Amino acid sequence: MRVYVLNGPNLGRLGIRQVDVYGVTGYAQLVADCERHGRELGLDVVVRQTDAEHEMLAWLHEAADEAAAVVLNPAAWSHYSIAVRDACAMLRGPLVEVHISNIHAREEFRHHSVVSAVATGVICGLGVDGYRLALHHLAQRASPIRQSE
Ligand code: DQA
C-alpha cells in the first residue's frame, strides 16, 4: 500500500529549528525512519516536504487520484489554509494528521487546525514518534490480521 508522508513549511529545518519544541531529530533522519518503518510494515512510503503551498496541493491531488493513504504534517498551514483543507477533503484514502508538538498546549492561534475535521485521526505532541504511530495505524488498518501477528 502506498502512503504519502507529506510535510509542510519549515519542517525541512527539523533538528535545527526550535529544538526545545520539535526535538533534535533532523529532517533527513525523519525521512530515513519513516522509510525504514514503512519497509518493516510492508508499506510503500514516499516522504516529501515543501515550503510551497501549490506543491503541497499538487501532492494531495496525486494522493487523491491514487486513493493513497496520507500522513500529513501541515505545519503552519494547519491553522489557516482552507486550500490545504479542501485538498485533504478530496482524499479517498485515510488521512492521519500529525503534529510533533502538542499544538493545544502552545499559543492560542495553534489550538485550531482547519485540517482536523477532514482527517481520519490526529496525533499530536508525541514528537517525531507520531509519524511511526501513524504508519503503524495505516498498516494495521490495511491488513488487521497480518499486523497483529
Ligand atoms: C507543527 C505545529 C504547527 O503549529 C507549526 O506551525 C509547525 C509544526 C508541529 O509539528 O508541531 O510548523 O505542525
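Because the structure is a prediction, the values reported are computed rather than measured.

Draft legend 1. Structural detail: the layout of surface pockets. A volume near 160 Å³ is recorded for the largest pocket. Around the largest pocket, the lining is made up of 16 residues, and of these R17, Y22, A75, A76 and R110 lie nearest the centre. Considering only residue class, the lining of the largest pocket consists of seven nonpolar, six polar and three charged.

Draft legend 2. Representation of the UniProt feature "site: Transition state stabilizer" (unreviewed entry) in the protein in the model. Per the UniProt record, the feature "site: Transition state stabilizer" (unreviewed entry) sits at R17. With respect to the secondary-structure elements, R17 resides in the loop between strand 1 (2-7) and helix 1 (19-22). Not counting residues within four places of it along the chain, the set of residues in contact with R17 comprises P9, N10, L11 and Y22.

Draft legend 3. Local environment of unusual backbone geometry. The phi dihedral of A67 falls on the positive side, at around 55 degrees, and the residue is not glycine. Topologically, A67 is positioned in the loop between helix 3 (53-66) and strand 3 (69-73). You can call A67 partly exposed: its relative accessible area is 38%. The backbone of A75 shows a phi angle near 50 degrees, a positive value even though the residue is not glycine. Looking at the element boundaries, A75 is found in the loop between strand 3 and helix 4 (82-89).

Draft legend 4. Main features of the pattern of salt bridges. One pass over the full model with this rule turns up seven salt bridges. Note that D44 is salt-bridged to R2, the shortest N-O span being 2.8 Å. In this pair, D44 sits in strand 2 (residues 44-49) while R2 sits in strand 1, placing the two residues 42 residues apart along the sequence. According to the relative accessible area criterion, R2 is partly exposed, its value standing at 31%. The partner of E62 in a salt bridge is R48, and the shortest N-O contact between them spans 3.2 Å. In this pair, E62 sits in helix 3 while R48 sits in strand 2, placing the two residues 14 residues apart along the sequence. Each member of the salt-bridge network shares a partner with another, and the members are D33, R36 and E40.

Draft legend 5. Quick look at the UniProt feature "active site" (unreviewed entry) in the protein. Within this structure's numbering, the places UniProt gives as "active site" (unreviewed entry) are Y22 and H99. Separation in sequence by 78 residues is not matched in space for these annotated residues, since their most distant C-alpha atoms are only 9.4 Å apart. Those annotated residues lining the largest pocket are, specifically, Y22 and H99. Under the relative-accessibility criterion, Y22 is labelled buried at 9%. Apart from the residues lying within four places of it in its own chain, the contact partners of Y22 are L14, R17, I100, S101, R106 and R110.

Criteria and cut-off values
Residues numbered from 1 in each chain as written. Predicted model: local features only at pLDDT ≥ 70, side-chain atom pairs only at ≥ 80, totals over all residues. Heavy atoms only, no water. 1 Å grid on protein atoms, 1.4 Å probe; cavity = no way out; pocket = protein on both sides within 12 Å on 5 of 7 lines; lining within 4 Å. Points joined across faces, edges and corners; volume = space filled by probe spheres on them. Nonpolar A, V, L, I, M, F, W, Y, C, P; charged D, E, K, R; others polar. UniProt positions renumbered as here; feature names shortened; annotations may be inferred. Helix = DSSP H or I, 4+ residues; strand = E, 2+ residues; numbered from the N terminus. Contact = heavy atoms within 4.5 Å. Buried < 20%, exposed > 50% of the residue type's maximum accessible area, 1.4 Å probe, protein only. Salt bridge = Lys/Arg side-chain N within 4 Å of Asp/Glu carboxyl O.

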